[in-house]
Amino acid sequence: MDGLPALVGYTAMKKFGGNPFLGLAIGLTMISPALVNGWSSSNKEAVENAFALFPNAPEFFQWKFIGYQAQIFPVLLIIALAYYVEKLLKKYTPEALAIVVIPLFTVLISVFFGFWFIGPIGRYIGIGIGYAANAIFTYTNFPGFGLGGLLIRMAYPFIVVTGLHQGFTAIEAQLITSQGFTWITSIATVSNIAQGAAALTMFGILYKKSPKLASSSLSSGIAANLGITEPAMFGTNIPLFFPMLAASIGAGVGGYWVGMSQAVASSLGSASWLGFIQFSPVRSEKLLIFYTEYEKAVPWGSKMFFHRAISPLANIAIASVLSSITAASLTFVFSKIFGKKTLETFIKDNESS
């Protein structure tokens, strides 16, 4: 996790449209061994007393020599600045000097302002989001009552449509680094499996009516069950809508179980049946501490058994099965109730194209 800023710097700069190697250089600078490790250092005094470039300035603007190991948001903010600095330098730098001036000053300017005030802002944003995400999961889900899990997971497929789910990776990494586990993977897992179940059900419905579309539903349904939902969503579920609705409800049902059982993943990975390895078959020490704090916040928590008696692995398996069965059943029911005309139009449009 300490090297995360380097990876994020490279990929973020590439996504912005700048030189990814400058992003990599900035990311590596932020985790230089010469800096005090601000994340994993056991010596808090060393962090507090780290050398400051402007020691007389308010603490927030002192430009302390503290690294950003395992940090996400500070890097993203600094890389955003670097992109515009590089763009500006490209516009005004003579071509003869560009090869030296652009990379040098892009890194220098970005790192200077990054360590001065952008980085600290990003650090606090990351910490705030981590706490907020943890609070949402903790205080909207109670033992035996997973309202928060239901609502978040029903909304997740529509978040995927917008592409905003890509931002969850940063939050997830932050949660794993700070707490040792994440609830976001469980959201994505039950949602992806529900999308796959809906698409596979459409394979059965379309098999005789349109073998071509049925084949597409089969392949995309398998892919969704392995963690890649876009082919299923954009190929079948969204155009027909009722499979998307069924998958959303199915994800909500699975999410309800995840919410009331407090099932969390111990690492990053595939949000699918294959990703069950991320869920611990036993309750780790960190998880037990989390449950203890959870029960303090929710007085009746200790009287329920879902989160303590059943492991996260077992709970995510139960949630995934519930999600899959619900999505498949509702897809079939919806196809009979109000999907007939939609199906006919869908088949006609695809066969004529």
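Residues numbered from 1 in each chain as written. Predicted model: local features only at pLDDT ≥ 70, side-chain atom pairs only at ≥ 80, totals over all residues. Heavy atoms only, no water.

### Comments concerning the overall build of the protein chain
The number of helices and strands found in the protein chain is 15 helices and zero strands. Looking at the 353 residues of the protein chain, the share that counts as buried comes to 48%. Relative to all contacts within the protein chain whose residues are 6 or more apart in sequence, the contacts with residues 24 or more apart total 76%. Total accessible area on the protein chain is roughly 16900 Å²; 69% of this is exposed by carbon and sulfur atoms. (Helix = DSSP H or I, 4+ residues; strand = E, 2+ residues; numbered from the N terminus. Buried < 20%, exposed > 50% of the residue type's maximum accessible area, 1.4 Å probe, protein only. Contact = heavy atoms within 4.5 Å. Areas by Shrake-Rupley, 256 points an atom, 1.4 Å probe, with all protein chains shown as cover.)

### Quick notes on a nonpolar patch on the surface
A cluster of nonpolar residues, Ile99, Val100, Leu104, Phe105 and Leu108, forms a patch on the protein surface that exposes about 510 Å² of accessible area. Topologically, Phe105 is positioned in helix α5 (residues 95-139). (Patch = residues over 30% accessible without salt bridge, like charges linked within 9 Å, V, L, I, M, F, W, Y side chains within 5 Å. Salt bridge = Lys/Arg side-chain N within 4 Å of Asp/Glu carboxyl O.)

### Considering the environment of Gly227
Relative to the assigned elements, Gly227 resides in the loop between α9 (211-225) and α10 (230-240). Judged by its relative accessible area of 24%, Gly227 is partly exposed. Through-space distance from the C-alpha of Gly227 to that of Ile193 is 7.7 Å; in sequence the pair is 34 residues apart. The residues touching Gly227, leaving out its near neighbours within four places in the chain, are Asn192, Ser270, Ala271 and Ser272.

### Observations regarding the UniProt feature "transmembrane region" (unreviewed entry) in the protein chain
Listed under "transmembrane region" (unreviewed entry) in the UniProt record, and renumbered for this structure, are residues 21-40, 60-84, 96-118, 124-142, 240-258 and 313-334. With 100% helix and 0% strand, residues 96-118 has its two end C-alpha atoms placed 32 Å apart. Between the C-alpha atoms that bound residues 240-258 the distance is 28 Å, and the span itself is 95% helix and 0% strand. (UniProt positions renumbered as here; feature names shortened; annotations may be inferred.)

### Digging into helix α4 (residues 73-92)
Each α-helix turn comprises 3.6 residues. Residues three or four places apart therefore point the same way. Between its terminal C-alpha atoms α4 stretches 29 Å, which fits the 28 Å expected from 20 residues at 1.5 Å a residue. Among the residues making up α4, those that are buried are Phe73, Pro74, Val75, Ile78, Ile79, Ala82, Tyr83, Val85, Glu86 and Leu89. (Expected span 1.5 Å × (residues − 1).)

### Digging into the packing of helix α8 (residues 184-206) against α9
Remark: α8 packs on α9, axes separated minimally by 7 Å, with the N-to-C direction vectors making an angle of 160°. Relative to α9, α8 is oriented roughly antiparallel. When the axes of α8 and α9 are compared, the crossing they make is left-handed. Facing α8, whose interface residues are Asn192, Ile193, Gln195, Gly196, Ala197, Ala199, Leu200, Met202, Phe203 and Leu206, α9 presents Pro211, Leu213, Ala214, Ser217, Leu218, Ser220, Gly221, Ile222, Ala224 and Asn225. (Axes fitted to C-alpha atoms, helices over the stretch in contact; angles between N-to-C directions. Parallel < 35°, antiparallel > 145°, perpendicular 65-115°, else oblique. Left-handed = near helix turned anticlockwise from the far one by under 90°.)

### A closer look at the nonpolar core
Ranked by internal contacts, the top residues of the largest apolar core, which has 21 residues, are Met13, Ile26, Met30, Ile79 and Phe115. Elements supplying a minimum of two residues to this core: α1 (4-16), α2 (20-30), α4 and α5. For this core, the leading source of residues is α4, giving six residues. Non-local contacts of Phe115, meaning those with residues more than four positions away in its chain, are made with Thr29, Met30, Leu35, Trp63, Lys64, Ile66, Tyr68 and Pro120. (Core = buried A, V, L, I, M, F, W, Y, C linked by side-chain atoms within 4.5 Å.)

### What about the packing of α8 against helix α11 (residues 242-261)?
Between α8 and α11, the least distance of the axes is 8 Å, while the angle of their chain directions is 145°. Viewed along their axes, α8 and α11 form a crossing whose handedness is right-handed. Listed contacts from α11 to Ser186, Val190, Ser191, Ala194, Gln195, Ala198 and Met202 of α8 are Phe242, Pro243, Met244, Ala247, Gly250, Ala251, Gly254, Gly255 and Val258. Its residues assigned to classes, the contact of α8 with α11 comprises ten nonpolar, six polar and no charged. (Nonpolar A, V, L, I, M, F, W, Y, C, P; charged D, E, K, R; others polar.)

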